[in-house]
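Architecture and fold: a report
Chain by chain, the residues:
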Amino acid sequence: MPGIRAIETLPDGAPVVVDGIGGRHRVRMHADEIVLQPAGPAIDLSAPPQALPDAPMIPGAHGLWAWLDQPTTRYQHGVLGDAIEAGGLSVGYPDGSRKSLTLPKDRVFEDRAPRFVDINGDGRDEILTITAYLDRGAALTLVDPGNPDGAVPQVIAEAAPIGTPNRWLNPVGAGDIDGDGRIEVLAVITPHIGGTLTAYEWQGDTLVVDYELNGFSNHTIGSRELGLSGLADLDRPTDGIDEVIVPDAERRAMTIVRFTNTPRIVSKIDLSGRVVHRLVIYDLDGDQSPELIFGLDDGSLVVWMPNL
C-alpha cells in the first residue's frame, strides 16, 4: 500500500484506509492478521453552499444534520491549515427545513465539523463545538440544535475561554469517565504547547472543569484532522465507564487514561512515528472487544488491542 493519506469510517464505523494514490481499503482482521480489502467510494457528505471549505455534513440522532458555515477571515489564526473559520452553524431537520446560528462579530467557530452528543441523557442530542474569541482564544461550546417547529439553534453552555488570542483546544468527545452517572465532555487544551487533557461537567450555562491531566496532544498544527483521540469502555468485562484514548504530548505514544479514583495513564504503546491519522475504535475480529486503529507519519497503520 503506497502510504496513508487518511483514515475514514464506513457508516457502520468500520475503518477505511485511504492510500497515497486515493485507493480505499477496509481494515479487517483474520486469524490475528490485519487484512486490507477493497472498499467502495466514499459517501458524499459535502455541506451545502456557504459552508466552510471541505466542511462535511454530520448526521445526528432522529434525522438531524449539522455543518459549519458563513466562512469568515476575521480571526487570523490558521491552526487548521487556513485562516477561514465559520461565522455560523446550521442544522437540518427531518422535514427538510434548516435553521442557523450566527455568531457575534467578536468570535468564530474555529472547528471543521460539529459533534452530536447527548450530554444530559435525555435522548436528545446537543452539539459540541469550538468557539474562538478574537481577544480571549478558544472555548468549548454546547449548542442546542433547535427544532423545525420554532426553536432555533442557540448556545446553551460554554467553558471559560483559554484567555489568550490564538490559543486553541481540540475536543476528545463525551462519556461517563468516572462512574458518577454524569456525562463529561473532554478536550485537550493547547495541544501544540503542553496540552492538558481536561474534563468538564455541564452545570447551568457553564461547562465546569472536573479533571485536568497534563502531557497530551490530539492535533498536528495546520492539520485538518481533528480525530486523533476518543473514548470507549475498554475494560473486559465492561463496567460502563469510559476510558480516554489520546496521544502523549509528542504524539509518539498512544495512551489510555482512566479517571476513576484518580486520573492516570493505565496503558501506553510506544510508536515508530507520530500519530497523524484518525483514531477509529472498532471491533475488527468480532470478539466484543474493540481494537484501536490509527495511522502514523511514517506511513504505518497501527492496530492496538489493549488488554485492560
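An account of the accompanying structure is given in this report. All of these numbers come straight from a predicted model, not from anything done at the bench. (Residues numbered from 1 in each chain as written. Predicted model: local features only at pLDDT ≥ 70, side-chain atom pairs only at ≥ 80, totals over all residues. Heavy atoms only, no water.)

This part covers the overall build of the protein. Helix and strand counts for the protein stand at zero helices and 24 strands. For the protein, whose C-alpha radius of gyration is 19 Å, the value lies close to the compact-globule estimate of 19 Å for 308 residues. Along the three orthogonal principal directions, the C-alpha set of the protein runs to about 55 × 45 × 35 Å. Split into buried and exposed, the 308 residues of the protein put 51% on the buried side. (Helix = DSSP H or I, 4+ residues; strand = E, 2+ residues; numbered from the N terminus. Rg over C-alpha atoms; globule rule 2.2 N^0.38 Å. Buried < 20%, exposed > 50% of the residue type's maximum accessible area, 1.4 Å probe, protein only.)

Let us now look at the environment of leucine 231. Considering the arrangement of structural elements, one finds leucine 231 in strand S18 (residues 230-232). Measuring from C-alpha to C-alpha, the distance between leucine 231 and aspartate 242 comes to 5.9 Å, with eleven residues separating the pair along the chain. Excluding residues within four positions of it along the chain, leucine 231 makes contact with Val172, Gly173, Ala174, Gly175, Ile177, Leu186, Asp242, Glu243, Val244, Ile245 and Ile281. (Contact = heavy atoms within 4.5 Å.)

Looking now at the sheet that holds strand S21 (residues 264-270). Sheet strands pair by backbone hydrogen bonding; their relative direction is either parallel or antiparallel. Ordered by their spatial adjacency, four strands build an open sheet running S18-S19-S20-S21, and the pairing between neighbours is antiparallel. The sheet terminates laterally at S18 and S21, the two strands that pair on one side only. Averaged over all pairs of adjacent strands, the angle between their axes in this sheet comes to 25°, without regard to strand direction. (Pairing = 2+ DSSP bridges. Axes fitted to C-alpha atoms, helices over the stretch in contact; angles between N-to-C directions.)

What follows deals with unusual backbone geometry. Following arginine 236, the chain continues into proline 237 via a peptide bond in cis, with omega recorded as 0°. Even without being a glycine, glutamine 50 presents a positive backbone phi close to 75°. Note on glutamine 50: relative accessible area 58%, which makes it exposed. Even without being glycine, asparagine 261 reaches a positive phi, approximately 65°. The topology assignment puts asparagine 261 in the loop between strand S20 (253-258) and S21.

Residues Leu140, Leu142, Trp168, Leu169, Tyr200 and Leu207 are the most contacted members of the largest nonpolar core, which totals 20 residues. If you look at the next biggest cluster of nonpolar residues, it comprises 19 residues, including Leu64, Ala66, Leu89 and Leu101. (Core = buried A, V, L, I, M, F, W, Y, C linked by side-chain atoms within 4.5 Å.)

An order of S1-S2-S3-S4 is seen for the four strands of this open sheet, with the pairing classed as antiparallel. The sheet is open, and its two edges are formed by strand S1 (4-9) and strand S4 (33-38), each paired on a single side. Each strand axis lies, on average, 35° off the axis of its neighbour in the sheet, ignoring direction. Where S1 meets strand S2 (residues 15-19), five bridges bridge the pair, whose relative direction is antiparallel. Looking at the pairing, isoleucine 7 lines up with valine 17 of S2.

Each pocket or cavity is described by its volume, and for the largest pocket that value is around 1,900 Å³. In terms of lining, the largest pocket is formed by 49 residues, of which the most central are Glu8, Thr9, Ile58, Glu225 and Arg278. Taken together, the elements giving at least two residues each to the lining of the largest pocket come down to S1, strand S5 (58-59), strand S10 (115-117), strand S14 (169-175), S18 and strand S22 (275-282). If one sorts the elements of the lining of the largest pocket by residue count, S22 sits on top with seven residues. Within the lining of the largest pocket, the residues separate by chemical class into 28 nonpolar, eight polar and 13 charged. (1 Å grid on protein atoms, 1.4 Å probe; cavity = no way out; pocket = protein on both sides within 12 Å on 5 of 7 lines; lining within 4 Å. Points joined across faces, edges and corners; volume = space filled by probe spheres on them. Nonpolar A, V, L, I, M, F, W, Y, C, P; charged D, E, K, R; others polar.)

Burial analysis of strand S19 (residues 243-247) places five of its five residues in the buried class, which makes it a mostly covered element. Of the two faces of S19, both are covered, the one formed by Glu243, Ile245 and Pro247 as well as the one formed by Val244 and Val246. Bridge count between S18 and S19: three bridges; the pairing is antiparallel. Bridge pairing in S19 links alanine 232 to glutamate 243. Direction of pairing for S19 relative to S20: antiparallel, over a ladder of four bridges. Each bridged residue has a counterpart across the sheet, and for proline 247 the counterpart in S20 is methionine 254. Hairpin geometry of S19 and S20 is characterised by an intervening segment of five residues between the two adjacent antiparallel strands and by a positive phi of about 60° at arginine 251.

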